[in-house]
Amino acid sequence: MKEDSIHSGRVQKAPENFLTPRGIKEVFVQGQKGRRDFIRSAFAAAAAGAAAPMAMAQGNPLPIEGGDTNILNLPEHATGLGQGVAVEGYGKPSKFEANLQRRQSPGLTQTTQSSVSFAPLQSLFGIVTPSGLHFERHHQGWWDIDPSKHRFMINGMVKKNMVFTLDEIMRLPSVSRFHFIECGANTAVDWGNVAVPTVQYTHGMLSCSEFTGVPLMTLLELAGADLKNGKFVLAEGGDGSAMTRTIPMSLITSGEVIVAYGQNGEMLRPENGYPLRLVVPGVQGVSWVKYLRRIEVGDKPYAAKDEAVHYMDLQPGGLHRQYTNIQECKSVVTTPSGGQVLLDKGFYNITGLAWSGKGKIKRVDVSTDGGRNWRQARLETPVLSKALSRFNLDWVWDGKPAIIQSRAQDETGFVQPTYPQLRAVRGTRSIYHNNAIQSWLVQENGEVKNVQVS
Amino acid sequence: MSRFRNAVVTAALLGLAGLAMAQSPNYPGVGRGATPKEVAKWDIDVRPDFKGLPAGSGSVAKGQDVWEAKCAHCHGVFGESNEVFSPLVGGTSAEDIKTGRVANLSRSDYPGRTTLMKVPTLSTLWDYINRAMPWTNPKTLTTEEVYAVTAFLLNLANVVPDDFVLSDKNMAQVQARMPNRNGVTTQHAMWPGNEFGGTAKPDTANTICMKDCKPEAKVASFLPDFARNAHGNLQEQNRIVGQQRGADTTKPEPKAGMVVASAAPVVVAKLDNSEAKAAMALLNKYSCTACHGIDKKIVGPGFNEVAKKQAGKADYLVSKIRAGGVGVYGQIPMPPQSLPEADAKQIAEWISKGAGK
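The following refers to the structure shown. (Residues numbered from 1 in each chain as written. Chains lettered and ligands numbered in written order. Predicted model: local features only at pLDDT ≥ 70, side-chain atom pairs only at ≥ 80, totals over all residues.)

Observations regarding the interface of chain A and chain B
Contacts between the two partners involve 111 residues from chain A and, on the opposite side, 94 residues from chain B. Counting residues per element, the side of chain A that touches chain B draws most heavily on strand 24 (residues 448–453) of chain A, at five residues. Of the residues belonging to the side of chain A that touches chain B, the class tally is 46 nonpolar, 42 polar and 23 charged. The sheet contact formed by strand 4 (residues 162–165) of chain A and strand 1 (residues 32–33) of chain B spans two bridges and is antiparallel. Looking at the pairing, A:Met162 lines up with B:Gly33 of strand 1 of chain B. (Contact = placed C-beta atoms within 7 Å. Helix = DSSP H or I, 4+ residues; strand = E, 2+ residues; numbered from the N terminus. Nonpolar A, V, L, I, M, F, W, Y, C, P; charged D, E, K, R; others polar. Pairing = 2+ DSSP bridges.)

Pasting the structure below:
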């Protein structure tokens, strides 16, 4: 069957409809012995005879009892009384979802306070990251700060140095926007070669939320900032690390940069900067200063620690690129992805995420043969500027090895590079800003592996 | 709003027009002027041109004392430690100080990149030590101590001599000796503005090809078999329903045939040991975990190691926590910890009972 002919969703006849009576009998007998390979071959034989459109096994073959016990035996939840309202004042995910956790990558850091935890992208849907699964990056630990005592200051090249309370900031006209945040070091460990097994560890320093707050421009206007000579802004955190980063005024005057307190309909989570953080769309996460306490307007850049020691991209020849802030166009298939096992041959929905620090995603192509042939994926709505976009593509796996890749293009026309293209200009020691096309090898045994192709 | 009304009244009475009138007419009642005292307390940044640098000085000798008391337990006596953070010093040469380019950065076989190999600007060191060090007690160094520690680091890298006193008067001269001062460029397409005069053109230019694009892909890199379970059991890191499962990495990969994914749901058991939970919350609160892992050595011994050695000795552990010590597990000293006795006791009891999760 040609994969290109598949465009619609999963519509399949029930398996018994394209099995011969003899086949059904054999399936029952073999099914009892747990030999699913045999089931598959029985289906294949049936399909060859009947020319049915789908020749693959289903994950839920008809049991020998004549019906699924999950249907035939009504469970407790169908025959009893459930729990009352407000048992959980703040609802939690199902206990069956406990495998979805943000996780540390073993051996990456020595302490938990200067470390990172990765979001479980392999199990997420759509474009919004649940706030409790948002990736974390702390430089000196996180805090839960009393919002009534938090203050925000603007000083430097302004008519008047000013101080704001949360009450005051939350009174101002607000905006709510979806944006991705990606650590500049996302996918860093794979610059030279494959180093980690799953998309959680390769791409999990990536999240997307709806942020609510006040455009920084509004606050700068209130303070009478010198927009002509004040070409740079310093953002500073109020925690121990007192993170500082330089932001160009041109990005702020565009209205994009937000002093945010809201995240996905509630306040920011403490791990994400409660009660106030800077949102700098399209720019690497380190600039989204958490526990934001101060903005200074100046005429020169600041060469903060994370602009002059870390977050500089080493180039071949020994020169570092400084002030590399934009997260360029990138994408990754989240299913099937490394460390997963496909249940069987047959239909799959290849799904993944695409994003660009320069605007909207224009298109995503997906290859299942390691980049030789590509098909255009469906971009699901909404497709928003500097936010994650979700793509999907129908795929029928024939059980043979397949190398799955995605390639995104943003609205500037820029196309996500391959590893050879990226390494040709930046070498392999750059650490930051690895936006290369990711490859996942689906093996005959169904296991998916993180690989790189030459 | 009474506060707003008070402000207007006060301004009118005292003629402090600035207080009320500097506010934008669009948003009356929002924000107030910051006092010079407030700005002085928070505006601590130091720029590469040394704007913001407070007057003062500190010697290499003083820096060594501060270093050994407050810095060495994480960074090593000579800034060489790789235990907690990357080494600060090493990899630079006298030639680098002359050229302003660290030669080892161009060597792909050079094993690491120390802070002194990378940092082009002296202000960055001063600013960062001042705002964020020591790691567990940031912003507690005096101005003299910041100058002194900076001087000591520079001395370790042979940028300044042993008898040097670093001050606001000579920072610019020392900047001219920074080993990697000429080692950075802003000429790239990844700054979101034109302030640095970089390029707008990205450095890669992939194109959209759809058919027969390149020779068949060959797998060039993958994880070795021994790393299969290095990130924990991946089966327990994937949802228990859906179009896939996580691979059971506690078992070797099946070499032939299709894996029949386990139909039985695998959900990781959640921590439910309230005594351990409470102790671990305290360990985080007092930053004990910065130096001690629960079950691994960091700078100091892992709690599991302490538990093995000091089983049942809660009182002894309380005294050691509060008094500090050296020599029991190694030569890196643990400074005295100033936490309430009750909290120290709770931690000590948890350790003495085995430091279980």
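There is more to say after this.
Structural notes on the nonpolar core
Membership of the largest hydrophobic core comes to 176 residues, with the highest contact counts inside it found for A:Val233, A:Val257, A:Val259, A:Leu278, B:Val149, B:Leu153 and B:Ile351. Counting residues per element, this core draws most heavily on helix 8 (residues 143–156) of chain B, at nine residues. Ignoring anything within four residues of it in the chain, the contact list for A:Leu278 reads A:Ala235, A:Val257, A:Val259, A:Trp288, A:Val289 and A:Leu292. (Core = buried A, V, L, I, M, F, W, Y, C linked by C-beta atoms within 7 Å. Buried ≥ 20, exposed ≤ 12 C-beta atoms within 10 Å, placed from the backbone.)

Quick word on the pairing of strand 24 of chain A
The side chains of a regular strand alternate, residue by residue, between the two faces of the sheet. Counting buried positions over the six residues of strand 24 of chain A gives six, a clear majority of the element. On strand 24 of chain A, burial covers both faces: A:Val448, A:Asn450 and A:Gln452 on one face and A:Lys449, A:Val451 and A:Val453 on the other are all buried. Between strand 23 (residues 439–442) of chain A and the antiparallel strand that follows it, strand 24 of chain A, lie five residues; A:Gly446 among them carries a positive phi value of about 90 degrees. Of the strand pairs in this sheet, strand 24 of chain A and strand 5 (residues 219–222) of chain B are connected by three bridges, and their pairing is antiparallel. Paired with A:Val451 across the bridge in strand 5 of chain B is B:Phe222.

Considering the environment of B:Pro333
All names here are of chain B. Within the element layout of this structure, Pro333 appears in the loop between helix 12 (314–323) and helix 13 (341–352). Sequence-wise, Pro333 and Ala72 are 261 residues apart; in three dimensions their C-alpha atoms are separated by 9.2 Å. Those residues in contact with Pro333, other than ones at most four positions away along the chain, are His73, Gly324 and Val326.

A short note on the packing of helix 10 (residues 274–285) of chain B against helix 13 of chain B
All names here are of chain B. Axis separation between helix 10 and helix 13 bottoms out at 9 Å; the angle between their running directions is 125 degrees. Between helix 10 and helix 13, the crossing angle belongs to the class labelled oblique. In terms of crossing hand, the pair formed by helix 10 and helix 13 is left-handed. Contacts from Glu275, Ala276, Ala278, Ala279, Leu282 and Leu283 in helix 10 reach Asp343, Gln346, Ile347 and Trp350 in helix 13. The residue makeup of the contact of helix 10 with helix 13, split by class, is seven nonpolar, one polar and two charged. (Axes fitted to C-alpha atoms, helices over the stretch in contact; angles between N-to-C directions. Parallel < 35°, antiparallel > 145°, perpendicular 65-115°, else oblique. Left-handed = near helix turned anticlockwise from the far one by under 90°.)

Here's the deal with the sheet that holds strand 15 (residues 330–335) of chain A
Residues and elements named next belong to chain A. Ordered in space as 15-17-21-20, the four strands form an open sheet in which the pairing is antiparallel. Sheet topology places strand 15 and strand 20 (378–379) at the edges, where each strand pairs with a single neighbour. Relative to strand 21 (residues 389–397), strand 17 (residues 346–355) runs antiparallel, the two being bridged by nine bridges. Bridge assignment links Asn349 to a residue of strand 21, and that residue is Asp394.

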